[in-house]
Structures are given as C-alpha cells and as structure tokens.
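# Architecture at a glance
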Amino acid sequence: MPRQTDTDVLVIGAGPTGLLLAIVLATRGVRVRLVDRKAGPTRESRAVVLQARTLEIYDQLGLAERMIAASTATRLVAPGYGRRRFGVLAIGALGRGLTPFPRLTVLEQSKTESILGERLAELSVPIEWNTEVEPAKDIADSGSVTVRSSAGRRVIRARYVVAADGSNSLVRRSLGIDFDGSTNPHSFFVCDTDHTRGLTAGAVNLRLGDAEFLLSFPLGADEAAGHHRIIGLLPVRDGGIDEASARATVDEVFGVSWSDSHWFSTYRVQHRVASSFRLGRVFLAGDAAHVHSPVGAQGMNTGLQDAHNLALKFAEVIRGTATEEYLDRYEAERRPVAVRLIAATDRVFGLATSSTRRARLVRRRVAPLLAPLVIRVLSRVRGASRIFGYLSQTRIHYWMDAEDKQRSGGRRDRVVGRRLPWTGSNYDVLRSFEWQVHGYGGADAAPVGAALGIAFPSPGTTGLTSHLLYLVRPDGFVAAAAAPAEAARAFAAAMPTA
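Computed from a predicted structure; not experimentally measured. (Residues numbered from 1 in each chain as written. Predicted model: local features only at pLDDT ≥ 70, side-chain atom pairs only at ≥ 80, totals over all residues. Heavy atoms only, no water.)

## Looking at the sheet that holds strand 22 (residues 469-472)
Read across the open sheet, the four strands follow the order 21-20-22-23; overall the sheet is mixed. Each edge of the open sheet carries a strand with a single partner, namely strand 21 (452-456) and strand 23 (478-482). Averaged over all pairs of adjacent strands, the angle between strand axes in this sheet comes to 25°, irrespective of strand direction. Where strand 20 (residues 436-440) lies against strand 21, five bridges are found, and the strand directions are parallel. The partner of G439 across the bridge, within strand 21, is A455. Sitting on the sheet, helix 14 (residues 484-494) is in contact with strand 20, strand 22 and strand 23, with an inclination near 150° to strand 23. (Pairing = 2+ DSSP bridges. Helix = DSSP H or I, 4+ residues; strand = E, 2+ residues; numbered from the N terminus. Axes fitted to C-alpha atoms, helices over the stretch in contact; angles between N-to-C directions. Contact = heavy atoms within 4.5 Å.)

## Section: the pairing of strand 23
Along any regular strand, the residues point their side chains to alternate faces of the sheet. With four of five residues buried, strand 23 lies mostly within the body of the structure. Here strand 22 pairs with strand 23 via four bridges, running antiparallel. Each residue of the ladder has a partner; that of L469, found in strand 23, is A482. (Buried < 20%, exposed > 50% of the residue type's maximum accessible area, 1.4 Å probe, protein only.)

## Focus: the sheet that holds strand 3 (residues 49-50)
The strand order 3-7-4 describes an open sheet built from three strands, whose pairing is antiparallel. Among the strands making up the open sheet, the edge pair consists of strand 3 and strand 4 (72-74). Sheet analysis places strand 3 next to strand 7 (residues 104-106), joined by two bridges and oriented antiparallel. From the neighbouring strand, L50 faces strand 7, where its bridge partner is T105.

## Quick word on a nonpolar patch on the surface
Taken together, the side chains of L361, V366, L369, L370 and V374 define a hydrophobic patch exposed on the protein surface, amounting to about 460 Å² of accessible area. Note that L369 resides in helix 11 (residues 357-377). Among the residues examined, L369 registers a relative accessible area of 69% and is labelled exposed. (Patch = residues over 30% accessible without salt bridge, like charges linked within 9 Å, V, L, I, M, F, W, Y side chains within 5 Å. Areas by Shrake-Rupley, 256 points an atom, 1.4 Å probe, with all protein chains shown as cover. Salt bridge = Lys/Arg side-chain N within 4 Å of Asp/Glu carboxyl O.)

Here it is, written out as structure tokens:
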C-alpha cells in the first residue's frame, strides 16, 4: 500500500530558496507546504544582487518583469584603491548577446521575498509562519516532521523534505551532516545609507585598502538620494565595529561618507559546504547546503538555482516520468557548483583581505598600475565575455550522467551540460517546463518521446549549429546533442525513465 502523506514536499524555510522552490513545485502541480519559524518575511538582509541566470529563471516563471520593475539596474563596476578610482568597467557590455539580461540587477532580498511571496499566494500556497521544526534523526527515513505553532504540536508527513533553513540549519545538524569549511577571522559590516558621497553614481563600487575592503550597490533610481547598500571589511579594534567607527574609517580610507542610515549590522564570513546534499528523503538547499563570502554576489543566486534544479526533479519523479534515483542527480549537479564557487570566492576574498606582505603589495602597488589598463582593453579582448558568464552564473556546467565525464575525457562541452545558449528567440518556449528537441537554421526538430520538437532560425554565433539537434531539459539545460539521424536513440537514452 502506498505511504499516506499530507504533502508531496515539505519545505522548511521561507527565504528566497524555499519560496522559489515552492513556486516551481506549485507551478508544476506538486503538493507543497512551506513552514518557517520566523513571524514573517525578512525586513533586513545582506543579499542585493540578482544575476542574469536568476532573472532567466524568473522569466521562465513569468516573474522577471516584476523583479526588474522593483530593482535598480546597473551595467557598471567601478573598482579602486583607497580614494582612487581605477576607471569604470562596463560589465553589461561583456554580456551583450549572451542573455536577455546583460546587467547586474540590484534588488534587496526583502523585496525579492515580497514578490515571491505574492506569487506563492496567487498559487494558493500559504506560508506557515511561526512554525518551528523539532529536531529528529529519523526524518531522512520517515519524511515525518514534527512542528510546533500556536495551533499546537503536530506531525506533517511528506514524501520529501527540503531544508532551506539557513546556514545554521536545524535539519542539517539533526541529521549529522558535516558542514565543512572555515569561519573567516575578519568581521564585515553592512549598512543601508542615504545621501552617500564619494562613490561613482549608478555603479557597483569596489574599493581595496591596505587592510580594508568596501563594496557598494546603488539602491533606487534616484541618484540624488544617494541610497546605497554598503558592505565593508574593517580591522577589528577593542569593542568590535559599531556604526560610528565604521563611518570614521570608511571616510578616512575611502573618502566615502553618508548622512543617514536605515540599519547597520555586523557579521562573520563563512566558507562552508555540506558533505552531502541528500540523506534519504531529506535534501539541503541554499545556505543550509553552502555559504561563502559576499564577493561576487553569488550566494542567494546559487540557492535560487538549487531550488529551480531540485523542484523540477521532484516534479519528474512525483508525476511518474522518472524514478526515485533521478533525484540523486541534484547532488551530482549542484554540489560541484557550490564547491567550485566557494573555492573561487575564497581565493578572491583572500586576496582582498590577506594581511601578508605580498597581498598588501599587490593591493597597494600592482593593482593601481595594472587595473586601469585592464579596464580600458578588457572589452576588446577575445573571450572577455567569459568574465560576465562566470559572474552571471550563465556558464555553469553539469555532467549529464555518471559516465559523461569519463566519455568526454573530462572536457566540458560548449553546449551540452550548460544552460541553453540564448539566440534572442528561443527562451519563451521554455516557459512550458517540458522536455524539448531544438533544431536551428533549418534542422528538422522531430519530437522524441515526450519531448516536443521546435525549430528556430539560424543560431548565429551562440555555439549552436544547424548540423545538430539539441535535447533541452525543463530547467533549460541542454541534456544532449546529436545529428538528426542519431537523435531519436541518443535523446531517448538521455531522458529519465519511469
């Protein structure tokens, strides 16, 4: 007899990761419940940037326009040292033609959560606030979670459970899953400021100091208001960092000051990744699975991609088009992304904060000499668009099955295993969330099994070719490519089976 459940998926944590996961599940007709121990949505948050890949996901869900309307778009990055600016890098120009969203989109996490919450309400999925999960080791086997709220103590029986309950995840700790990594000895401050002076208007400002670091994001379209999110690293003195000492040091070192602030907070940076993203019926996503420094504005975006990936795999299994083993692909695909990201941000963060003589020499002498030249020539350098690809998370690669890496000799394909290259006309069809066969430039895209066949004009210089057909997953990643004569066999092998 099938196991009786109250819901298909129980999501613990109503931050951006949990909210998006619930939205995708509900969109695909999967029963989902979302609980959170907080009293309501986040009011103050550190995450402020939506990368291009995240906006592509929102576009697939019909949410991109809402996000953009509430955000501040910037295509400029202004690096510098101390009070000196090296120049302005047109980061948006590096992404032109690669994505419908060649920009950095600045939107506070609280506003992101508000829009996602509105969409979830439209899908008739309530958020169960003030609902606390009790720790239990048998969740992985049973899928039964005991929760407490004003309504009392009760058990929610779920087919699967997703822990999206943050870096201090109760679920992860209850299951004994290691969270390997380190806590950086430096302390950061984060502050929302008004009438800010000393920054390049309309740009993301990045300033290095001898022992300091400053990162700012413009908030709001009214440049005269000077509203910014400022993140800073300062030497910790006796008594720690308070706003008064932060103001004084930032003004002295960087020549940056502000009249008013909405909130001020300090925190320590961690670089950690869970040893496993799955244990039985339980899956980890977002900060519960990985945390890292704010360098590159990658954290929230990585969690949102976890949610998108996992939710669509749940939908396949629950709808009966894939076996239980298909869910193992979530960890196989997303954990390597987290490991590489943490390694990369750790290296950059180390260079920016290291107190060694060599690192300080690079920041003080080498960077001021080379950075202005790099900024002037970068947009003309072949392959410079890769920088945008890495930053925007549009170059992420997955091995498509356990043997894929071995077959390819470890060489990553330009198209297969990556998100579908954008041609300007081929993303609207992804809103169906179905497997698809794409043909470009006259190639005959015949359907294969449940995968729809769709023909498009010439793909231009995207890496796609008219000589091959492409199997595209519901999440927009290319699962396989084959010549038309081989497509039926190759694509059938690449699709999950029940």
